[in-house]
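Results of the structural survey
In case you want the letters, here they are:
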Amino acid sequence: MPVPVSPDEIASKTFPATLRGYSRTEVDAYMRLLADEQRRLHGRVAELEGLLLAAQEAQRAEEVGPAQEAEEGREAPDGGDSDGGDSELVEMFSRALAEVRAVRGRLGAIV
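These numbers come from a predicted model, not from an experiment.

What counts and how
Residues numbered from 1 in each chain as written. Predicted model: local features only at pLDDT ≥ 70, side-chain atom pairs only at ≥ 80, totals over all residues. Heavy atoms only, no water. Helix = DSSP H or I, 4+ residues; strand = E, 2+ residues; numbered from the N terminus. Buried < 20%, exposed > 50% of the residue type's maximum accessible area, 1.4 Å probe, protein only. Contact = heavy atoms within 4.5 Å. Areas by Shrake-Rupley, 256 points an atom, 1.4 Å probe, with all protein chains shown as cover. Core = buried A, V, L, I, M, F, W, Y, C linked by side-chain atoms within 4.5 Å. Phe/Tyr/Trp six-rings, centres within 6.5 Å; stacked < 30°, edge-to-face > 60°. Lys NZ or Arg CZ within 6 Å of the ring centre and 35° of its normal. Salt bridge = Lys/Arg side-chain N within 4 Å of Asp/Glu carboxyl O. pLDDT = per-residue confidence, 0-100.

A look at the overall build of the protein chain
Counting its regular elements, the protein chain contains three helices and zero strands. Starting at the N terminus, the α and β elements of the protein chain follow one another as α-α-α. Split into buried and exposed, the 111 residues of the protein chain put 18% on the buried side. Intrachain contacts of the protein chain at a sequence separation of at least 6 include 79% that bridge at least 24 residues. Only carbon and sulfur atoms are counted for the fraction: they give 56% of the accessible area of the protein chain, which is about 8400 Å².

Notes on the nonpolar core
Leu52, Ala55, Leu89, Phe93 and Ala96 together form the largest nonpolar core, which totals five residues. Top element by residues in this core is helix 3 (residues 86-110). It accounts for three residues.

Examining the packing of aromatic side chains
All told, the structure shown has zero aromatic pairs when counted by the stated rule. Positioned above the aromatic ring of Phe15 is the side chain of Lys13, whose terminal nitrogen or guanidinium carbon lies 5.4 Å from the ring centre.

Some remarks on the pattern of salt bridges
Any two side chains of opposite charge can pair, given that their charged atoms come close. For the coordinates displayed, the defined rule picks out five salt bridges. Put simply, Arg39 and Asp8 hold a salt bridge, and the shortest N to O gap is 2.8 Å. Of this pair, Arg39 sits in helix 2 (residues 24-71) while Asp8 sits in helix 1 (residues 7-12), and the two are 31 residues apart along the sequence. Ionic contacts of the salt-bridge type, sharing partners, join the residues Asp8, Asp36 and Arg39 into one network.

Let's talk about the side chain of Gln59
Within the secondary structure, Gln59 sits in helix 2. For Gln59, a relative accessible area of 16% gives the class buried.

A word on the environment of Ser6
Residue placement: Ser6 occurs in the segment before helix 1. Judged by relative accessible area, which is 28%, Ser6 ranks as partly exposed. The spatial distance from the C-alpha of Ser6 to the C-alpha of Ala35 is 7.7 Å, given a sequence separation of 29 residues.

A few points about the confidence of the model for the protein chain
Here the protein chain averages 79 in pLDDT, while 77% of its residues score no lower than 70. Per-residue pLDDT, averaged within each element of the protein chain, yields its smallest value for helix 3 (76) and its largest for helix 1 (89).

Below is the structure:
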């Protein structure tokens with residue numbers, strides 16, 4: 001399993017100079033590019049995880065609302081049909097989770 005490498009470690013990595021080696025300037029520029037991309041992807045993963053968490057909390061709140069109303073003998077405001085938005089939430093969760101997995105895969109490829 002690859003060892004996680006931080007964007008700062010990528011950006012600050014140095015290689016010994018050799019007579020017939022790579023261009024230090026080009027290697028440094030590429031390493032900065034990789035570090036920037038990794039920072040961007042980490043940010044996107046954090047953003048998507050936040051959205052997923054918020055959606056999960058919203059779904060839990062939706063599930064608790066009708067359950068409490070049923071216990072109290074009241075109907076849900078939408079006439080008792082609590083699955084109207086469930087399929088939309090499930091679809092949103094699925095898309096967010098797929099994107100998180102794709103971004104994590106891309107991060108793994110960088111490291």
